[in-house]
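These are the residues of each chain, in order.
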Amino acid sequence: MSATIERNVAMIKQFWIDLYSHDFAKVGTYFTADAEYDDVPIPAAKVHGPAAIVRKLEIGLGKVLRHQHHLERMVADETTVVTEHAEDWVFAEDHIVTLPFVSIQVIEDGKIKLWRDYSNMDTLLTNAPPWWLEHIAAAWAA
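Residues numbered from 1 in each chain as written. Predicted model: local features only at pLDDT ≥ 70, side-chain atom pairs only at ≥ 80, totals over all residues. Heavy atoms only, no water.

So, on to the pattern of salt bridges. With the rule as written, the count across this model stands at eight salt bridges. The partner of aspartate 34 in a salt bridge is lysine 113, with the nearest N and O atoms 2.6 Å apart. Of the two residues, aspartate 34 is situated in strand β1 (residues 31–39) and lysine 113 in strand β6 (residues 111–119); the sequence distance between them amounts to 79 residues. Taking relative accessible area as the criterion, aspartate 34 reaches 45% and is therefore assigned partly exposed. Look at lysine 113 and you get partly exposed, because its relative accessible area is 25%. Sharing partners across several salt bridges, the network here consists of Glu36, Asp38, Lys46 and Arg116. (Salt bridge = Lys/Arg side-chain N within 4 Å of Asp/Glu carboxyl O. Helix = DSSP H or I, 4+ residues; strand = E, 2+ residues; numbered from the N terminus. Buried < 20%, exposed > 50% of the residue type's maximum accessible area, 1.4 Å probe, protein only.)

Laid out in structure tokens, this is it:
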């Protein structure tokens, strides 16, 4: 494995740690100024730039009690890291939704330029509590 691939994989592993720690300010530092974050199943949720990415994460994840990350595998080349994983959305100790997905991150000059998540968003939306869905709708409308 090349040094570039090793650096990219190490960065993305740390990125996931920071994301699941809900350290959103730190997560924002991983992105290029023109970075794009695309939840592919929801085209209207695509955002650009670190500030917009952090806002999106804070809206979606900020009121969730915690997340648990289940890393299955990572595949990488010189510019791209693909992660197969799942996350447990812990809305309450007795209300946990597991969302499996694949993430693709394109890296340019040591920063994430493109982040795409591919999931069955219906898994989350049909199992999330009503208060969270109301929060998401209100926050996006603001």
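The next thing to look at is the side chain of histidine 22. Following the sequence through the fold, histidine 22 ends up in the loop between α1 (3–20) and α2 (24–28). Side chain to side chain, histidine 22 and histidine 67 meet in a polar contact 2.6 Å long. Not counting residues within four places of it along the chain, the set of residues in contact with histidine 22 comprises Leu61, Val64, Arg66 and His67. (Polar contact = N/O pair within 3.5 Å; in protein donor to acceptor, adjacent residues only side chain to side chain. Contact = heavy atoms within 4.5 Å.)

It is the contact of helix α3 (residues 50–61) with helix α5 (residues 130–141), at a shortest axis distance of 9 Å, that shows an interaxial angle of 155 degrees. The angle between α3 and α5 places the two elements in the roughly antiparallel class. The residues of α5 that touch α3, namely those facing Arg55, Lys56, Ile59 and Gly60, are Trp132, His135, Ile136, Ala139 and Trp140. (Axes fitted to C-alpha atoms, helices over the stretch in contact; angles between N-to-C directions. Parallel < 35°, antiparallel > 145°, perpendicular 65-115°, else oblique.)

The pairing of strand β4 (residues 80–92) with strand β5 (residues 95–108) spans 12 bridges and is classified as antiparallel. Paired with alanine 86 across the two strands is proline 100, which belongs to β5. Here β5 folds back onto β6 in antiparallel fashion, the turn holding two residues, of which aspartate 109 has a positive phi close to 55 degrees. (Pairing = 2+ DSSP bridges.)

Moving on: the nonpolar core. Phe15, Leu19, Phe31, Leu57, Trp89 and Trp115 are the most contacted members of the largest nonpolar core, which totals 36 residues. For this core, the element with the most residues is α1, which contributes eight residues. Discounting residues that sit within four places of it in the chain, tryptophan 115 has contacts with Phe15, Trp16, Leu19, Phe31, Glu36, Tyr37, Asp38, Ile53, Leu57, Ser103, Ile104 and Gln105. (Core = buried A, V, L, I, M, F, W, Y, C linked by side-chain atoms within 4.5 Å.)

For histidine 22, which is not glycine, the phi dihedral falls at a positive 60 degrees. Positive phi values are uncommon outside glycine, yet aspartate 109 reaches one of about 55 degrees. Position of aspartate 109 among the secondary structure elements: in the loop between β5 and β6.

Our next topic: the sheet that holds strand β2 (residues 47–48). Paired through backbone hydrogen bonds, the strands of a sheet run either parallel or antiparallel to each other. Across the sheet, six strands lie side by side as β2-β1-β6-β5-β4-β3; this open sheet has mixed pairing. In this open sheet, the two strands that pair with only one neighbour each are β2 and β3 (66–76). The strands touched by α3 are β1, β2, β3, β4 and β6; relative to β1, the strand with the most contacts, the crossing angle is about 40 degrees.

Glancing now at the packing of aromatic side chains. Summed over the entire model, instances satisfying the criterion amount to 12 aromatic pairs. Aromatic pair tryptophan 16 and tyrosine 20: ring centres 6.2 Å apart, planes at 35 degrees, arrangement tilted. With tryptophan 16 and tyrosine 20 both in helix α1, this residue pair falls four residues apart, about one helical turn. A relative accessible area of 3% places tryptophan 16 in the buried class. A relative accessible area of 12% means that tyrosine 20 is categorised as buried. A centroid spacing of 5.9 Å and a plane angle of 20 degrees characterise the contact between phenylalanine 31 and tryptophan 115, whose relative ring orientation is stacked. With phenylalanine 31 in strand β1 and tryptophan 115 in strand β6, this pair connects stretches of sequence that are 84 residues apart. For the pair phenylalanine 31 and tryptophan 115, one class covers both residues: buried. Among the aromatic residues, those joined into a ring-pair cluster are Phe15, Trp16, Tyr20, Tyr30, Phe31, Tyr37 and Trp115. (Phe/Tyr/Trp six-rings, centres within 6.5 Å; stacked < 30°, edge-to-face > 60°.)

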